[in-house]
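Each chain, letter by letter, is given below.
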Amino acid sequence: MMSLFFPLLFVSVLCMNSFSGVQGRKWKGEGTTQNLESIVIGRCYDYIRIVNPAVGEKNCSQIWEAFKNAFINKDPCSILPKDYELFINLTLHTIPPNKSLFWENNQLLVNSFADRGRRYMSLGDTLFGFVADFLYWCGQADSPGLDYESCPTAVECENNAVDSFWRMASITYAQHSSGVIHVLLNGSADGGAYPQPGFFADYEIPNLQKDKISQIVIWVVDDIEGPDIDSCGVNTVKTLETRLKTLGYDVTCTDNNKSVMFLLCLGNPDDSKCALASF
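Described in the following lines is the structure provided in the data block. (Residues numbered from 1 in each chain as written. Predicted model: local features only at pLDDT ≥ 70, side-chain atom pairs only at ≥ 80, totals over all residues. Heavy atoms only, no water.)

Some details on the nonpolar core
Here is step 1 of the chain: Formed by 59 residues in total, the largest nonpolar core has its most connected members in Phe-67, Phe-71, Tyr-84 and Trp-137.
Here is step 2 of the chain: Sort the elements by how many residues they give to this core and helix 7 (residues 161-175) lands first, with 8 residues.
Here is step 3 of the chain: Contact partners of Tyr-84, with chain neighbours within four places excluded, come to Phe-67, Ala-70, Phe-71, Ile-79, Trp-137, Ala-161, Ser-164, Phe-165 and Met-168.
Here is step 4 of the chain: The next biggest cluster of nonpolar side chains, apart from the first, holds 17 residues, and it includes Leu-184, Trp-219, Ile-224 and Leu-264. (Core = buried A, V, L, I, M, F, W, Y, C linked by side-chain atoms within 4.5 Å. Buried < 20%, exposed > 50% of the residue type's maximum accessible area, 1.4 Å probe, protein only. Helix = DSSP H or I, 4+ residues; strand = E, 2+ residues; numbered from the N terminus. Contact = heavy atoms within 4.5 Å.)

Re the state of the cysteines
Here is step 1 of the chain: Scanning all chains against the criterion turns up 5 disulfides.
Here is step 2 of the chain: The disulfide partner of Cys-77 is Cys-157, and the gap between their sulfur atoms is 2.1 Å. With the S-S dihedral at roughly -80°, the linkage between Cys-77 and Cys-157 falls on the left-handed side. Note that Cys-77 is positioned in the loop between helix 3 (60-69) and helix 4 (85-91) and Cys-157 in the loop between strand 4 (143-146) and helix 7, a separation of 80 residues in sequence.
Here is step 3 of the chain: When its relative accessible area of 10% is taken as the criterion, Cys-157 is described as buried.
Here is step 4 of the chain: There is a disulfide in this structure between Cys-265 and Cys-274, and the S-S distance comes to 2.0 Å. On the sign convention where negative is left-handed, the bridge of Cys-265 and Cys-274, at about -90° about the S-S bond, is left-handed.
Here is step 5 of the chain: With its bonded cysteines labelled in order along the sequence, the protein chain shows the pairing 1-2, 3-6, 4-5, 7-8, 9-10. (Disulfide = S-S within 2.5 Å.)

Some points on the pattern of salt bridges
Here is step 1 of the chain: Counted under the stated rule, the structure contains 5 salt bridges.
Here is step 2 of the chain: Ionic pairing is found between Arg-116 and Asp-46, a salt bridge with its closest N-O pair at 3.8 Å. Here Asp-46 lies in helix 2 (residues 36-51) and Arg-116 lies in the loop between helix 5 (107-114) and strand 2 (121-122), a separation of 70 residues in the sequence. (Salt bridge = Lys/Arg side-chain N within 4 Å of Asp/Glu carboxyl O.)

Some thoughts on helix 7
Along an α-helix, residues three or four positions apart point the same way, because every turn accommodates 3.6 residues.
Here is step 1 of the chain: Taking 1.5 Å as the rise per residue, helix 7 with 15 residues should run 21 Å; its terminal C-alpha atoms sit 21 Å apart, in good agreement.
Here is step 2 of the chain: Where helix 7 begins, one side-chain oxygen reaches toward the backbone nitrogen of Val-162, 3.2 Å away; that side chain belongs to Asn-160. (Expected span 1.5 Å × (residues − 1). Polar contact = N/O pair within 3.5 Å; in protein donor to acceptor, adjacent residues only side chain to side chain.)

Here we look at the packing of aromatic side chains
Here is step 1 of the chain: Applying the stated criterion to the full structure yields 19 aromatic pairs.
Here is step 2 of the chain: Where Tyr-84 meets Phe-165, the ring centres are 5.2 Å apart and the plane angle is 85°; that geometry is what we call edge-to-face. Of the two residues, Tyr-84 is situated in the loop between helix 3 and helix 4 and Phe-165 in helix 7; the sequence distance between them amounts to 81 residues.
Here is step 3 of the chain: Exposure remark for Tyr-84: the relative accessible area of 0% places this residue in the buried category.
Here is step 4 of the chain: An angle of 55° between the planes, with centres 5.5 Å apart, marks the rings of Phe-87 and Phe-165 as tilted. Here Phe-87, found in helix 4, pairs with Phe-165, found in helix 7; they are 78 residues apart in sequence, far enough to count as distant.
Here is step 5 of the chain: Taken together, the ring pairs connect Trp-64, Phe-67, Phe-71, Tyr-84, Phe-87, Trp-137, Phe-165 and Trp-166 into an aromatic cluster. (Phe/Tyr/Trp six-rings, centres within 6.5 Å; stacked < 30°, edge-to-face > 60°.)

In structure tokens:
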């Protein structure tokens, strides 16, 4: 009888633990990234010491506190962009003219093309974007702790900690961009290169400072092995061009910019699109 009892008990405990783990996930999204404080502070020092020391001295511990206090002890579905104002003020720095690079649906390509601010300075290459890129976080109402089990997605609630952060960061980035503005779009993206709603459409375009911008240059680049869904002058790109021109901007658009294609071809040298003759 004992030999049968213990296996049954063991299975019951496993099932209870598994059930409690499922019950513990309140939300559908990823939980807070482990070691979030160390990552944010470490990235801050990496940025001001190695990546872009030209921004000058910043108090990285103070920056972490401002970041954390924006969402800690709060309902994770009631975080607003303005809650990150202090964090933005502490991390703000000049974005060089002609260096801004906006994008949709091609973050990894943009990161490579911008080259950590050496070629262009995308949102992820600013201090305020750099410290939070690819991270997840949320707090809990009436609790000083972080939720490592799960965080709400945009589908579950619009005003979640991560999306509200990137709205504030996008608004700030657009407001401080100047000169020639570059926009890199994915011509192979499902639904089109210029999504609406989207961060560029809803938070960046409305916050561009027209008097500081001389031209907007759009690059539509297809995935090497992807379909050609969108191009300059058609579909969603035409919608974008029309919107920007109506706002009074000088707009140019180029399909499959050579510099970007060369970068894509580094990972796909044998593709027919990467033959020298095709350039």
